[in-house]
Amino acid sequence: MKVDIWFPFYVNDYIADTMALSNREHGMYLLLMIHCWKKGVIPKDIEKLKKITKTSEEDVSFLIGILEDFFEEHEDFYINNRLSAEKTKAENRSKRAQENGRLGGRPKEFTSIRGCTAIKKQLDKDWYEMVLFFDNKCLCCEEKLPEGAVPLMDHIIPKSLGGQLEITNIQPLCSGCNRDKSNKHTTDYRLKFIEDIPEKLKSKWFIAGKLEETYRLKLENQNKTSSHSHSHSHSESYKPPEKKHKYGEYNHVRLTDKQFKKLEEDYGSIHLKELIVKLDEGIEIHGYRYKNHNLTIRKWNPLNNEKPTIKSKELTGTQKEIEKYQSYIDSDVFPEDEKIKFRDKINELEGSE
Ligand SMILES: [Zn+2]
């Protein structure tokens, strides 16, 4: 199923948001939304924009008004956050439908022991045990999926590298993280939570002997970091994923220690506390979902939808560059192999700071 042939149109929201528009502006707005749905972003190029929206020279100022009011401006493009979120949902649905199709059956309704309804795919009930154990969360970004949705079954060792569809090789990820991981690495995000997993489940989810090996490597790795020794060994290939900690009264905001420290440096601890409260409450009240809380805090003031607190000219050149590449990675426009290059760029820049 192609995901770009239709998109959800929230009639009442649209009417409420567009009260002040003329019929000409309605046309521009709708054509821009359609373009954004199909391409992921809207180019920041006035000639292209005129073509997309069939706008004449004398109406360009209206067009710019529409962009400013309804789309978020990035360095090289505009984006509509709500449409992007809907598109991710549509891709998720489509992927799930494909998987169900491959397994030869329609999904069956199923009510979990914790009361949240999820769609049961005809797979081993071990998978549902895992999804329930992790509370319907994506193990990578640690976002809980909305009620009625289930995480995707990610192959830890990708299928293309010979990974099997079995409980020792699958983990729940959201569609965004699943797409980012793709077949680029074999990170087992379940290991982030290894201390919380009871023995009974550990013996089911991990291949006997392999977990002990992983522990040993992890331990060696920790010792190595603490002693700052530069000796090389095969354990270097094991990099444990960084654990995110919960912040805010409702525990919605998740940041790694490194991210928190950097934010504290950039914003000061009092202001950072305020931003965390706002983001935390925004998620609690409106059910907003963000993949990257670190970036969300940096980008905008969550409740009022204000512009970033740090004006872009106050950012150092390096930070600006990092944000630019991050926005490329977060958008849908670039193919995966391009995104790898952007990620390398970010790593390079972060190293140089
Ligand atoms: Zn995720």
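Summary of the structure given here. Counting starts from 1 at the beginning of each chain's written sequence and moves along it residue by residue. Reporting of local features is limited, given that this is a predicted model, to residues whose pLDDT is at least 70; pairs of side-chain atoms are given and counted only at 80 or more, and all residues count toward the totals for whole chains, interfaces and linings. The basis for every side-chain value is the complete set of non-hydrogen atoms in the structure, without hydrogens or water.

This part covers the pattern of salt bridges. One speaks of a salt bridge when a side-chain nitrogen belonging to Lys or Arg is within 4 Å of a carboxyl oxygen belonging to Asp or Glu. Using the criterion set out here, one finds 14 salt bridges in the structure. We note a salt bridge from Arg82 to Asp13, for which the minimum N-O separation is 2.9 Å. Placement of the pair is Arg82 in helix H5 (residues 81–102) and Asp13 in helix H1 (residues 11–17), with a sequence separation of 69 residues. Asp135 is the partner of Lys144 in a salt bridge, and the nearest nitrogen-oxygen pair spans 3.5 Å. One network of salt bridges, in which partners are shared, links Glu47, Lys50 and Glu57. Only DSSP runs of H or I with at least four residues qualify as helices, and only runs of E with at least two residues qualify as strands; both kinds are numbered from the N terminus onward.

We now examine the sheet that holds strand S2 (residues 72–73). If DSSP finds at least two bridges between two strands, the strands pair. An order of S1-S3-S2 is seen for the three strands of this open sheet, with the pairing classed as antiparallel. Because the sheet does not close on itself, it has two edges, and the strands there are strand S1 (42–43) and S2. With two bridges connecting them, S2 and strand S3 (residues 77–79) associate as antiparallel partners. The partner of Glu72 across the bridge, within S3, is Ile79.

To continue, consider the nonpolar core. To qualify as a nonpolar core, a set must consist of buried Ala, Val, Leu, Ile, Met, Phe, Trp, Tyr and Cys residues joined through side-chain atoms within 4.5 Å. A 1.4 Å probe rolled over the protein chains alone gives each residue an accessible area, and that area as a share of the maximum for its type sets the label: buried under 20%, exposed over 50%, partly exposed in between. Counting 24 residues, the largest nonpolar core has Trp127, Phe134, Ile197 and Trp205 as its most contacted members. Elements supplying a minimum of two residues to this core: helix H6 (125–133), strand S7 (170–173) and helix H8 (199–205). Here this core gets four residues from one element, more than from any other, and that element is H6. Grouped together as the second largest cluster of nonpolar side chains are 18 residues, Tyr14, Leu21, Leu49 and Tyr78 included.

On to the coordination of the zinc ion. Any nitrogen, oxygen or sulfur atom within 2.8 Å of a metal ion counts as a donor, with the limit raised to 3.2 Å for Na, K and Ca, and since water is left out, coordination shells can look unfinished. For the zinc ion, the protein coordination sphere consists of Cys138 (SG), Cys141 (SG), Cys174 (SG) and Cys177 (SG), at 2.3 to 2.4 Å. Under the classification used here, a metal with four donors is tetrahedral if each angle lies between 85 and 135 degrees, square planar if opposite donors are over 155 degrees apart and the others between 65 and 115, a six-donor metal meeting that same test is octahedral, and anything else is irregular. In this structure, the zinc ion is surrounded by four donor atoms whose angles at the metal cover 104 to 115°, and the resulting shape is tetrahedral. In primary sequence terms, the donor set of the zinc ion follows C-x2-C-x32-C-x2-C. Taken together, the positions of Cys141 in the loop between H6 and strand S6 (152–155) and Cys177 in helix H7 (residues 175–181) put the pair 36 residues apart, joining distant regions of the chain. What makes Cys141 buried here is its relative accessible area of 6%.

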